[in-house]
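Okay, here's what each chain looks like letter by letter:
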Amino acid sequence: MNKGSFVSISDYSKEKILKILAIAADFEANPNRNLLENKVVATLFFEPSTRTRLSFETAINRLGGRVIGFSDANTTSSSKGETLKDTIAMVSSYADLIIMRHPLDGAARYASEVSCVPVINAGDGANQHPSQTLLDLYSIQKTQGTLENLNIYLVGDLKYGRTVHSLIIAMSHFNPEFTFIAPEELKMPEEYKQFCDSKGIKYREVSELKDISKADILYMTRVQRERFLDLMEYEKVKNVYTLKNKMLEKTKPNLRVLHPLPRVNEIDTDVDDNEKAYYFQQARNGVFARQAIICDVLGLI
Amino acid sequence: MFDHKKGLVVVALENGTVIDHIPPDKLFKVVSILNLDTLDSQLTIGNNLKSSKLGTKGIIKITNKFFEPNVINKIALVAPNAKLNIIKNFQVVEKRNIVLPDEIHDIIQCGNPKCITNNEPVPTLFFVVDKDDVKVKCNYCERMIHQEDIKMK
């Protein structure tokens, strides 16, 4: 396996996370640096993505690197039945770094094992999306001034949402307190509650998005229609988890609303102009976090 | 355990390995995990034999075959209480318990249909995260599987 690869947030220690966040802050202050000069980066998106691909490609361009790749697997040999192993073996002989999104769980770990250049996981199925986690942490740190002892409310699809699962693992280093707000069908899986127990992390489960007066971070996720077996249930719950501007009235002044995006109807557009809405800046932070990840993976900093 | 007193239903070994106390319904899984079907050595398999501990049990005797611990320990997933007897010159020279290894290579099938290992020709790898409660974690999709849900390839 290629040692530099970044596949899973569980691979990163607290020190490593803090180091990446510090580098990201440097890039925010000074984003255009020619650290990737004469380097070719392959962005292999076997599954569509807007933000992740564009922010990775922006990060590469701001670092002076060049990009090859595809954003639709149908235009590649994988549509002819080429195995991932063969695609990776070939691309890793062309490029200095591979950034990959793939619909199958574990595809990134496997790619990192067969590639001779580092692989950055830009999302493998329902499993991991670690660069999202780092940009979430960067956003939390930037808005709160710290990652320690925060009250974090996770809202929406807590069962399938990989971003909330990775966030729990990453935040476990910083003594958080969690509130899980989800409908019965989409509750936080036992596995993650046991993880919190094993780390001595306090959490509570709530089924309605009501009292958010103690939250430092309100992390919203999309409740997806296709997750429900019973569409009647979906119709019942879909609006219970919609954040409206009025609901932010009696909240803490430092509260910030985060969302990995795309948002559908879980945050009303009337929230967008509230100073507590942070999701678009959060997406912008993705470029700096990804610049930091790329440089770290390649050992450039 | 190898029971001398009650007499053996199957012939005694001069040199080799006896795997005893295998649950009868797991006997052929043990055969398959250890690839005994492709072995040239003389092999005796007994199943549904009387056992004071298990009621009935399976037993496998393999002539002139000695397993490395990392090979034999693979059967811990199906027969964690099996006992291993190493026979030299008709004597039991060593008794061993089966110990679950830290890593399990290419035996378990991942239970997650969307795992890369179920969609491409990838050898599976599982880490044993809990030896008592038998919980393993897929190296690829990172899903945890409990003993009762473990399926062999």
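Residues numbered from 1 in each chain as written. Chains lettered and ligands numbered in written order. Predicted model: local features only at pLDDT ≥ 70, side-chain atom pairs only at ≥ 80, totals over all residues.

Within chain A one finds nine helices and nine strands. For chain A, whose C-alpha radius of gyration is 19 Å, the value lies close to the compact-globule estimate of 19 Å for 301 residues. Residues counted as buried form 46% of the 301 residues belonging to chain A. Residue pairs in contact within chain A that sit at least 24 positions apart in sequence constitute 74% of those at least 6 positions apart. (Helix = DSSP H or I, 4+ residues; strand = E, 2+ residues; numbered from the N terminus. Rg over C-alpha atoms; globule rule 2.2 N^0.38 Å. Buried ≥ 20, exposed ≤ 12 C-beta atoms within 10 Å, placed from the backbone. Contact = placed C-beta atoms within 7 Å.)

Facing 14 residues of chain B, the contacting portion of chain A comprises 14 residues. Along the lines of polarity and charge, the residues of the side of chain B that touches chain A split into seven nonpolar, four polar and three charged. (Nonpolar A, V, L, I, M, F, W, Y, C, P; charged D, E, K, R; others polar.)

Before going further, it helps to examine the domain arrangement of chain B. All names here are of chain B. Considered domain by domain, chain B is made up of domain 1 (16-97) and domain 2 (103-152). Computed from C-alpha atoms alone, the centre-to-centre distance between domain 1 and domain 2 is 24 Å. Each side of the interface is counted separately: domain 1 has four residues, and domain 2 has four residues. When the residues that make up the side of domain 1 that touches domain 2 are grouped by side-chain class, the tally is two nonpolar, no polar and two charged. (Domains from an automatic or database assignment.)

With that out of the way, let us pick up the sheet that holds strand β9 (residues 135-138) of chain B. Residues and elements named next belong to chain B. Here we have four strands laid out as an open sheet, ordered β6-β8-β9-β10, and antiparallel in their pairing. With partners counted over all chains shown, the strands left at the sheet margins are β6 (103-105) and β10 (144-146), one partner each. Across the sheet, the axes of successive neighbouring strands diverge by a mean angle of 30°, strand direction being ignored. As paired elements, β6 and strand β8 (residues 125-130) share three bridges and run antiparallel to each other. In the strand pairing of β8, I104 is matched with F126. (Pairing = 2+ DSSP bridges. Axes fitted to C-alpha atoms, helices over the stretch in contact; angles between N-to-C directions.)

All names here are of chain A. Structurally, chain A comprises domain 1 (9-129 + 286-297) and domain 2 (131-283). A straight line from the C-alpha centre of domain 1 to that of domain 2 covers 26 Å. The interface is formed by 19 residues belonging to domain 1 together with 17 residues belonging to domain 2. Of all the secondary structure elements, the ones that give two or more residues to the side of domain 1 that touches domain 2 are α1 (14-29), β4 (119-124) and α9 (279-297). Grouping the constituent residues of the side of domain 1 that touches domain 2 by class yields eleven nonpolar, five polar and three charged.

Residues and elements named next belong to chain A. Counting buried residues in strand β5 (residues 151-155) gives four out of five residues, a clear majority hidden from the surface. Examined bridge by bridge, β5 and strand β6 (residues 177-181) share five bridges and lie parallel to one another. Bridge assignment links L154 to a residue of β6, and that residue is F180. For the segment spanning β5, helix α6 (residues 162-171) and β6, crossover handedness is right-handed. Bridge count between β5 and strand β8 (residues 217-220): four bridges; the pairing is parallel. The residue of β8 that forms the bridge with Y153 is L218. (Right-handed = clockwise from strand over helix to strand, strands pointing away.)

Time to look at helix α3 (residues 84-91) of chain A. L84, T87, I88 and V91 of chain A are the residues of α3 of chain A that are buried. Buried residues of α3 of chain A, viewed axially, fall in a sector of 95°; they line one side. (Arc of directions from axis to C-beta.)

We now examine the packing of α3 of chain A against helix α4 (residues 107-114) of chain A. Residue and element names in this part refer to chain A. Close contact between α3 and α4 brings their axes to 9 Å; oriented N to C, the two are set at 50°. Here α4 runs oblique to α3, going by the angle between their axes. Our pair here, α3 against α4, has a crossing hand that is right-handed. Contacts between α3 and α4 involve L84, K85, I88 and A89 from the first element and A107, Y110, A111 and V114 from the second. Grouping the constituent residues of the contact of α3 with α4 by class yields seven nonpolar, no polar and one charged. (Parallel < 35°, antiparallel > 145°, perpendicular 65-115°, else oblique. Left-handed = near helix turned anticlockwise from the far one by under 90°.)

Judged by nonpolar contacts, the single largest core of 120 residues is most densely connected at I98 and Y219 of chain A together with I75 of chain B. Residue contributions to this core peak at ten residues, all from α9 of chain A. Each residue touching Y219 of chain A, except ones within four places of it in the same chain, is listed here: I152, Y153, L154, V155, V164, L167 and L258 of chain A. (Core = buried A, V, L, I, M, F, W, Y, C linked by C-beta atoms within 7 Å.)

What follows deals with unusual backbone geometry. Backbone phi values are negative for most residues with the exception of glycine, while trans is the configuration of most peptide bonds. Residue P262 of chain A is bonded to the preceding L261 of chain A through a cis peptide linkage, with omega at 5°. In this fold, P262 of chain A is placed in the loop between β9 (256-258) and α9. Unlike most non-glycine residues, N35 of chain B shows phi in positive territory, near 55°. Following the sequence through the fold, N35 of chain B ends up in the loop between α1 (27-33) and β2 (43-51). Among the residues examined, N35 of chain B registers 9 C-beta atoms within 10 Å and is labelled exposed. Its identity as a non-glycine residue notwithstanding, V134 of chain B has a phi of 40°, on the positive side. If you trace the backbone, V134 of chain B turns up in the loop between β8 and β9.

Residues and elements named next belong to chain A. With 19 residues, α9 should cover 27 Å at 1.5 Å per step; its first-to-last C-alpha distance of 26 Å lies within 8% of that length. With 16 of 19 residues buried, α9 is to be regarded as a mostly interior element. Backbone geometry just after α9 places G299 at a positive phi near 65°. (Expected span 1.5 Å × (residues − 1).)

All names here are of chain B. Tracing the backbone shows K153 in the segment after β11 (151-152). In sequence terms K153 and P123 are 30 residues apart; their C-alpha atoms lie 9.9 Å from each other. If we skip the residues at most four places from it in the chain, K153 touches D106, I107, I108, Q109 and T124.

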